[in-house]
Amino acid sequence: MAASHLELKEPEIAARTAGEALRLARRIGAPRCEALVQDLVPAFRHVRAAEGVEEFLALAAV
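Worth saying up front: this structure is predicted, and the values here are computed from it rather than measured.

Parameters at a glance
- Residues numbered from 1 in each chain as written.
- Predicted model: local features only at pLDDT ≥ 70, side-chain atom pairs only at ≥ 80, totals over all residues.
- Heavy atoms only, no water.
- Helix = DSSP H or I, 4+ residues; strand = E, 2+ residues; numbered from the N terminus.
- Buried < 20%, exposed > 50% of the residue type's maximum accessible area, 1.4 Å probe, protein only.
- Contact = heavy atoms within 4.5 Å.
- Core = buried A, V, L, I, M, F, W, Y, C linked by side-chain atoms within 4.5 Å.
- Axes fitted to C-alpha atoms, helices over the stretch in contact; angles between N-to-C directions.
- Parallel < 35°, antiparallel > 145°, perpendicular 65-115°, else oblique.
- Left-handed = near helix turned anticlockwise from the far one by under 90°.

1. Remarks on the side chain of His5
Step number 1: Along the chain, the position of His5 falls in helix α1 (residues 2-7).
Step number 2: For His5, a relative accessible area of 16% gives the class buried.
Step number 3: What His5 contacts, discounting residues up to four positions off in sequence, is Glu10, Pro11, Ile13, Ala14 and Thr17.

Now the structure itself:
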């Protein structure tokens, strides 16, 4: 879902969605799901100024 929002040039929604997915993946212990979200990090680096992106990147770095 987050990847789709990135493709649609909706980085704010994408960051919120990716953050939720990452928190859930970590909470339930799903490393494959976490890896899928982590794969989006490079795309988010190009839209750092968008609301919520820095927070997502910080969460992904933990």
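2. Observations concerning the nonpolar core
Step number 1: Membership of the largest hydrophobic core comes to 16 residues, with the highest contact counts inside it found for Ala18, Leu22, Phe44, Val53, Phe56 and Leu57.
Step number 2: Looking at this core, the elements that each hand over two or more residues are α1, α2 (11-28), α4 (41-45) and α5 (53-61).
Step number 3: The greatest single-element share of this core, amounting to five residues, is contributed by α5.
Step number 4: Apart from the residues lying within four places of it in its own chain, the contact partners of Ala18 are Ala2, Val37, Phe44 and Phe56.

3. Looking at the packing of α2 against α5
Step number 1: Here α2 crosses α5 at 25°, and the two axes come no closer than 9 Å. By the criterion of interaxial angle, the relationship of α2 to α5 is roughly parallel. You can see that α2 and α5 cross each other, and the crossing is left-handed. Judged by residue contacts, Pro11, Ala15, Ala18, Gly19, Leu22, Arg23 and Arg26 of α2 engage Val53, Phe56, Leu59 and Ala60 from α5.

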